[in-house]
Amino acid sequence: MDNISIDILYEDDDIIAVNKPSGLLTHPSWLTKKGTENLATMLKCYFDGAPVHTVHRLDRATSGVILVAKNKEVAKSLSLQFAEHQVQKTYYCVVRGFAPKEGEINHPLRYIDDKKAEPFATANKEAQDAITNYSTLANVELPIAVGKWPAARYSLIKAMPKTGRKHQLRRHFKHILCPIVGDTNYGEGRHNKLYRDHFNINRLLLMAISIRFVHPSSLQEMTIKAPLSEQVKGLFNEFGWQEFTVL
């Protein structure tokens, strides 16, 4: 991930939206060595040391659009929209199996107590409401044996979380027995290996493709989209999912 350039999707006097690549941290992490590249530090350098304020985050393995405020007032306004579930984030993900055509996953999630990643976090929190709406856009069956099965089946899903719990999409799709491909925590190793060996894909196939919110200054509703990487586009083309490569 060395020498990553910042892919700016939108910028004005108040906000900047960036297309974060898979593998890049949003913020510095307790789990990585000092100096590991992260988006927050890169943006601070981009603005010659001026402060920027990330108002949400993506997992390191997830790619896609992240919204950043340029001042505290805008950050407060955007943070309030997130807290009141007024921001609509949309994701693409590739999951194992033929997923249901559409549905709502209403499955509370208990806080993940990871003292290495978050040493000062409060442990033993109650499970919190977590809701994800989704629809299946396409399927593919590959003539590649996995375990006892002679073929491997996958689905392309559009997911729209209504809440923002830690690892929500990854845990929710595991809950319905359709784990996201490339997920080393909640996925299935045999399918992750298939994608590494046959498609040279060694990443989580979870992409934040758009975000909709109200601009804090103009009060106009905005939607910002993040294009898929060339690697993901190539995979979609190979699966016959070309219509979903252009957002």
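About the criteria used
- Residues numbered from 1 in each chain as written.
- Predicted model: local features only at pLDDT ≥ 70, side-chain atom pairs only at ≥ 80, totals over all residues.
- Heavy atoms only, no water.
- Core = buried A, V, L, I, M, F, W, Y, C linked by side-chain atoms within 4.5 Å.
- Buried < 20%, exposed > 50% of the residue type's maximum accessible area, 1.4 Å probe, protein only.
- Helix = DSSP H or I, 4+ residues; strand = E, 2+ residues; numbered from the N terminus.
- Contact = heavy atoms within 4.5 Å.
- Pairing = 2+ DSSP bridges.
- Lys, Arg positive; Asp, Glu negative; His and termini not counted.
- Salt bridge = Lys/Arg side-chain N within 4 Å of Asp/Glu carboxyl O.
- Polar contact = N/O pair within 3.5 Å; in protein donor to acceptor, adjacent residues only side chain to side chain.
- Phe/Tyr/Trp six-rings, centres within 6.5 Å; stacked < 30°, edge-to-face > 60°.
- Arc of directions from axis to C-beta.

**Q** So what about the nonpolar core? Which residues, and what values?
**A** In this structure, Leu67, Phe173 and Phe213 are the most contacted members of the largest nonpolar core, which totals 42 residues. Looking at which element gives the most residues to this core, the answer is strand β4 (residues 63–69), with five residues. Grouped together as the second largest cluster of nonpolar side chains are 25 residues, Val140, Leu142, Val146 and Tyr154 included.

**Q** Talk me through the environment of Ile176; I want residue IDs and the actual numbers.
**A** On the secondary structure map, Ile176 appears in the loop between α3 (168–175) and α4 (189–199). Residues Ile176 and Thr36 lie 140 residues apart in sequence; the distance between their C-alpha atoms is 35 Å. Leave out the neighbours within four places in its chain, and Ile176 touches Ile105 and Tyr134.

**Q** Can you lay out α3 for me, pointing to particular residues and giving the numbers?
**A** When you tally the buried positions in α3, you get six out of eight residues, the bulk of the element. Burial in α3 covers these residues: Gln168, Leu169, Arg170, Arg171, His172 and Phe173. Buried positions along α3 lie against β5 (88–96), β6 (102–106), β7 (131–142), β8 (152–161) and β9 (206–214).

**Q** Help me get a handle on the pairing of β8, residues and values and all.
**A** Within a regular strand, the side chains alternate between the two sheet faces. Burial runs high along β8: seven of the 10 residues are buried. Sheet topology note: the β5/β8 ladder contains six bridges and is antiparallel. From the neighbouring strand, Arg96 faces β8, where its bridge partner is Tyr154. Strand direction decides the pairing type here: β7 and β8, joined by 10 bridges, are antiparallel. Pairing of Ser135 across the sheet is with Lys158, part of β8.

**Q** Describe in detail the environment of Val140, supporting the description with residues and values.
**A** Within the secondary structure, Val140 sits in strand β7. For Val140, a relative accessible area of 11% puts it in the buried group. Counting along the chain gives 12 residues from Val140 to Ala152, while the straight-line C-alpha distance between them is 8.3 Å. Not counting chain neighbours up to four residues away, the residues in contact with Val140 comprise Phe98, Ala152, Arg153, Tyr154, Phe239 and Trp241.

**Q** Give me the side chain of Asp14: which residues, what numbers.
**A** Residue placement: Asp14 occurs in the loop between β1 (8–11) and β2 (15–20). One buried charged residue, Asp14, forms no salt bridge at all, with the nearest opposite charge on Lys70 at 8.1 Å. A distance of 2.7 Å separates polar atoms of two side chains, one belonging to Asp14 and the other to Ser217. The residues touching Asp14, leaving out its near neighbours within four places in the chain, are Val68, Ala69, Lys70, Asn71, Val74, His215 and Ser217.

**Q** Lay out the packing of aromatic side chains in plain terms, naming residues and giving numbers.
**A** Counting across every chain of the model gives nine aromatic pairs. Site record: aromatic cluster; members linked through ring pairs are Tyr92, Tyr154, Tyr195, Phe199, Phe236, Phe239 and Trp241.

**Q** Give me the lowdown on helix α1 (residues 39–46), citing residues and values where you can.
**A** Structural remark: α-helix, 3.6 residues per turn; residues separated by three or four positions point the same way. Within the span of α1, buried status applies to Leu39, Ala40, Met42 and Leu43. For α1, the buried positions fall inside an angular range of 165° around the axis, keeping them on one side. Of the surrounding elements, those touching the buried residues of α1 are β2 and β4. Residue Asn38 occupies the N-cap position of α1, its side-chain oxygen lying 3.3 Å from the main-chain nitrogen of Ala40. Following α1 by one or two positions, Asp48 has its phi on the positive side, about 55°.

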